[in-house]
Amino acid sequence: MNIVVYYLVFPIVVLAQFSNVQYGLGLDIGSSGSGIFFNHIWTNTNETMGIITEFRFFDVKGDEETIVYDYWTNQYSTVGGQNLILLPMLLGGNYYPFAGMIANNFSPFVTLRSGPIFTIDGKETRGNFHERWSESQTHWSFGGFIGLGLEFKWVNLSSVILHVGADILPLSQKADDKDDYSGMLIHIAFNRFRK
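The shown structure was predicted, so the numbers you read here are calculated from the model rather than taken from an experiment.

**Looking at the environment of Gly122**
Its place among the elements puts Gly122 in the loop between strand S7 (106-121) and helix H2 (129-133). Distance in space between the C-alpha atoms of Gly122 and Ile85 is 8.2 Å, their sequence separation being 37 residues. Those residues in contact with Gly122, other than ones at most four positions away along the chain, are Asn83, Arg132, Trp133 and Ser136.

Below, the structure is given as structure tokens:
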């Protein structure tokens, strides 16, 4: 019974001390692909720590993928592509070591996140959407992100956050002949503070 009370009360106590709330979306540009994400950040009152939740849609790019021009049809098309989508659902924290020491509107921080990754591996056929994704293989794995960042706060209750770091994306089974899509990642978030 004490364990149940602990897991129900502890998050409420922690989040109660993190009163500055912001939410937003952003873009990912990585060595394994690109995508979009949605986040929610709770920052404590002295702005030294933040709790972050993040949901990403990450489209993995093939090693041999390139765009070519077809002179026969006068169209551009992708060659060597793969149909692989990763959906990381991450929970973590931001640590602001210089909180209150920098007079400008930017705050450097260190971030660490981890959580489950849902993988959808579609067929590599040239057919329509239904043919590529109707019998796709799915599986779960565990990954994360570690990096450095800068938060630029604006007067109009918004901020831009730039992260640079390592994306940790191992898979529980092979997808398109690889079981690890880890690599470098640039993470740009456009957030809004909740009033």
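On we go from here.
**Thoughts on the nonpolar core**
Note that soluble globular proteins tend to have their nonpolar side chains buried in a common cluster. With twelve residues, the main nonpolar core is built from Phe58, Val60, Leu84, Leu86, Leu90, Ile117, Phe145, Leu169, Leu171, Ala175, Tyr181 and Leu185. For this core, the secondary structure elements donating two or more residues are strand S3 (49-60), strand S6 (84-95) and strand S10 (170-175). With three residues, S6 is the single largest residue contributor to this core. Not counting chain neighbours up to four residues away, the residues in contact with Leu90 comprise Ile52, Thr53, Glu54, Arg56, Arg113, Ser114, Gly115, Gly143, Gly144 and Phe145. Among the nonpolar cores identified, the runner-up in size contains seven residues, and Phe37, Ile41, Phe109 and Ala189 belong to it.

**Examining the packing of aromatic side chains**
Under the counting rule described, the total for this entry stands at three aromatic pairs. Relative to Phe109, the ring of Tyr96 has its centre 5.3 Å away and its plane inclined at 50°; by these criteria the two rings are tilted. Here the residue Tyr96 occupies a position in the loop between S6 and S7, and Phe109 occupies one in strand S7, the gap between them amounting to 13 residues. Under the relative-accessibility criterion, Phe109 is labelled buried at 2%.

**Brief notes about the sheet that holds S6**
By way of backbone hydrogen bonds, the strands of a sheet pair with one another, either parallel or antiparallel. Read around the barrel, eight strands follow the order S1-S2-S3-S6-S7-S8-S9-S12 and close on themselves; strand pairing throughout is antiparallel. The average undirected angle you get between the axes of adjacent strands in this sheet is 25°.

**Description of the layout of surface pockets**
By volume, the second largest pocket amounts to about 240 Å³. As for the second largest pocket, its lining consists of 17 residues, of which Glu47, Ala99, Gly100, Ser107 and Lys153 are closest to the centre. If you list the elements that add at least two residues to the lining of the second largest pocket, you get strand S1 (20-30), S7 and strand S8 (137-153). The leading source of residues in the lining of the second largest pocket is S7, at three residues. Along the lines of polarity and charge, the residues of the lining of the second largest pocket split into seven nonpolar, seven polar and three charged.

Calculation rules
Residues numbered from 1 in each chain as written. Predicted model: local features only at pLDDT ≥ 70, side-chain atom pairs only at ≥ 80, totals over all residues. Heavy atoms only, no water. Helix = DSSP H or I, 4+ residues; strand = E, 2+ residues; numbered from the N terminus. Contact = heavy atoms within 4.5 Å. Core = buried A, V, L, I, M, F, W, Y, C linked by side-chain atoms within 4.5 Å. Buried < 20%, exposed > 50% of the residue type's maximum accessible area, 1.4 Å probe, protein only. Phe/Tyr/Trp six-rings, centres within 6.5 Å; stacked < 30°, edge-to-face > 60°. Pairing = 2+ DSSP bridges. Axes fitted to C-alpha atoms, helices over the stretch in contact; angles between N-to-C directions. 1 Å grid on protein atoms, 1.4 Å probe; cavity = no way out; pocket = protein on both sides within 12 Å on 5 of 7 lines; lining within 4 Å. Points joined across faces, edges and corners; volume = space filled by probe spheres on them. Nonpolar A, V, L, I, M, F, W, Y, C, P; charged D, E, K, R; others polar.

Note that all results are geometric; they support no functional claim without further evidence.
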